Amino acid sequence: MSAVHYKFASSLVHSTVTFTGLGISVAELREEIMKKQGLTSAHSVLVIINAETNEEYIDDAAQIPRNSSVIVRRIPGSGFKGAHNTHFLLRNWVGTKTCTYCGSPGPTLPTPALRQIIVMCQLISTMLQN
């Protein structure tokens, strides 16, 4: 039996996902963590980060070797009361949808650039509300 150890960035508690084989894909790990934590994809998106290199796993098909440690960050999905359609972008990762305020297209994969777009749009929304 193989395992990947994970902890949420805001938590002190480490947990383990067990599987068979030499590695597990990022998508499978994300799904297993969501099951263990009782989360749904409609409510949150999990960002998986290599604990040693601090690099985000972008490709869902990337294999995480057994006995690795990762850090998990939870980003709110639908129901997120953000500035605009952020919740839609986070939930679907569809490149054809755009931000209501700045017109930025949503990326086809979760990337650090998406978080920058979200922060910028939230700032714009806050400024427009004041």
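Residues numbered from 1 in each chain as written. Predicted model: local features only at pLDDT ≥ 70, side-chain atom pairs only at ≥ 80, totals over all residues. Heavy atoms only, no water.

Any chance you could explain the sheet that holds strand β6 (residues 69–76) here in plain terms?
Taken in spatial order, the four strands of this open sheet run β2-β1-β6-β4, and their pairing is mixed. The open sheet is flanked by β2 (15–19) and β4 (44–50), the only strands paired with a single partner. Each strand of the sheet is rotated relative to its neighbour by a mean of 35°, with strand direction disregarded. Relative to β2, strand β1 (residues 2–8) is paired through five bridges, and the arrangement is antiparallel. Its bridge partner being in β2, Y6 is matched across the sheet by S15. (Pairing = 2+ DSSP bridges. Helix = DSSP H or I, 4+ residues; strand = E, 2+ residues; numbered from the N terminus. Axes fitted to C-alpha atoms, helices over the stretch in contact; angles between N-to-C directions.)

Explanation requested: the side chain of S68 in the structure shown.
Note on placement: S68 falls in the loop between β5 (63–65) and β6. For S68, a relative accessible area of 16% translates into the label buried. When near neighbours in sequence (up to four residues on either side) are disregarded, S68 contacts A3, V4 and H5. (Buried < 20%, exposed > 50% of the residue type's maximum accessible area, 1.4 Å probe, protein only. Contact = heavy atoms within 4.5 Å.)

Teacher, can you tell me more about the pattern of salt bridges here?
A side chain with one charge can pair with a side chain of the opposite charge if their charged atoms come near. Following the criterion strictly, the structure yields three salt bridges and no others. Across the salt bridge formed by R30 and D60, the nearest N and O atoms sit 2.8 Å from each other. Separated by 30 residues along the polypeptide, R30 in helix α1 (residues 26–37) and D60 in the loop between β4 and β5 bring together distant segments of the chain. For R30, a relative accessible area of 14% gives the class buried. Salt-bridge contacts for K35 lead to E31; the nearest nitrogen and oxygen are separated by 4.0 Å. In this pair, K35 and E31 both sit in helix α1, four residues apart, roughly one turn of the helix. Overall, E31 belongs to the partly exposed group, its relative accessible area being 46%. Residues participating in the shared-partner salt-bridge network are E31, E32 and K35. (Salt bridge = Lys/Arg side-chain N within 4 Å of Asp/Glu carboxyl O.)

Quick question: what am I supposed to make of the packing of aromatic side chains here?
Two descriptors summarise a pair of aromatic rings, namely the distance from one centre to the other and the angle between the planes of the rings. Per the counting criterion, the structure on display carries one aromatic pair. Where Y6 meets F8, the ring centres are 6.3 Å apart and the plane angle is 80°; that geometry is what we call edge-to-face. Residues Y6 and F8 agree in their burial class; the two are buried. (Phe/Tyr/Trp six-rings, centres within 6.5 Å; stacked < 30°, edge-to-face > 60°.)

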